Amino acid sequence: MSLQRLVVKNVKQRRKQAGLTQEELAKRCRMTRRYIVGIEAGSGVNLTLHSLERLAVALNCMVVDLLSDPEHDGKLPKRVRVGLDFAIQALQTIRKRCN
């Protein structure tokens, strides 16, 4: 399953579990209802990390929960794990240079 489909599925599922309408979720995220509809429809909405973070806070979960696959024990897709590993290594390198 693609990362976009995972996010679409997880946002929609968590919104419904929370008993929220798209309008209510939009207000909690300070986004438009149209944007939420676009996310859930998978219509090519380009989510930023900031938007993912706002969605996660509004849905009372972590960003990683929106990226993980519940059908595969909540594991992250390989390309996401590789990207996170790269980001962690970059941060560690920066910290070493700053010390």
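What counts, and at which threshold
Each chain has its residues counted from 1, following the order in which its sequence is written. Per-residue local features of the predicted model are confined to residues with pLDDT of at least 70, and side-chain atom pairs are confined, for both listing and counting, to 80 or more; whole-chain, interface and lining totals are unaffected and use all residues. The basis for the side-chain values is all heavy atoms of the structure; hydrogens and waters are excluded. By the criteria applied, helices consist of DSSP H or I runs no shorter than four residues and strands consist of E runs no shorter than two, each listed in order from the N terminus. Note on classification: 1.4 Å probe, protein chains only; a residue is buried when its accessible area is under 20% of the maximum for its type, exposed when over 50%, partly exposed between these limits. Two residues qualify as a contact provided that any one of their heavy atoms is within 4.5 Å of a heavy atom in the partner residue. Using a 1.4 Å probe, accessible areas were evaluated by the Shrake-Rupley method; residue-level cover was limited to the displayed protein chains. The reported arc concerns the directions from the helix axis to the C-beta atoms and nothing else. In these notes, a set of buried Ala, Val, Leu, Ile, Met, Phe, Trp, Tyr and Cys residues joined through side-chain atoms within 4.5 Å is what counts as a nonpolar core. Confidence of the predictor at the level of single residues is given by pLDDT, which spans 0 to 100. A helix is expected to reach a length of 1.5 Å times the quantity of its residues less one.

J.: Can you lay out the overall build of the chain for me, pointing to particular residues and giving the numbers?
T.: For the chain, the count of helices and strands is 6 helices and 0 strands. The order of α-helices and β-strands along the chain, N terminus first, is α-α-α-α-α-α. For the chain, with 99 residues in total, the buried portion stands at 30%. Considering only contacts within the chain whose residues lie at least 6 apart along the sequence, 53% involve residues at least 24 apart. When the accessible area of the chain is evaluated, it comes to approximately 7100 Å², of which 53% is carbon and sulfur surface.

J.: So, helix α2 (residues 22-29): which residues are in play, and what are the values?
T.: All buried positions along α2 are accounted for by Gln22, Leu25, Ala26 and Cys29. One side of α2 holds all its buried residues, which, seen down the axis, span an arc of 100 degrees. Of the exposed residues in α2, those oriented more than 90 degrees away from the buried face are Lys27 and Arg28. In this structure, the buried residues of α2 make contact with α1 (3-17), α3 (33-41) and α4 (49-58).

J.: Lay out the nonpolar core in plain terms, naming residues and giving numbers.
T.: Taken as a class, soluble globular proteins show a tendency for nonpolar side chains to be buried jointly. Residues Val11, Leu25, Cys29, Ile36, Leu55, Leu59 and Leu66 are the most contacted members of the largest nonpolar core, which totals 17 residues. Examining the composition of this core, we find that 4 residues originate from one element, α4, more than from any other. Ignoring sequence-local partners within four residues, the contact set of Leu59 consists of Val11, Arg14, Arg15, Leu20, Leu25 and Leu66.

J.: Any chance you could break down the confidence of the model for the chain for me, citing the residues and the numbers?
T.: Put simply, the chain has an average pLDDT of 85, and 84% of its residues get 70 or more. By mean pLDDT, helix α6 (residues 78-98) is the weakest element of the chain at 74, and α2 is the strongest at 97.

J.: Tell me about α1, and name the residues and values.
T.: In this model, α1 (15 residues) spans 21 Å end to end at C-alpha, consistent with the 21 Å of a helix rising 1.5 Å per residue. Taken as a whole, α1 has its buried residues at Leu6, Val7, Val8, Asn10, Val11 and Arg15. Where α1 is buried, its residues touch α2, α3, α4 and α5 (63-67). Looking at the residues trailing α1, positive phi occurs at Gly19, about 70 degrees.

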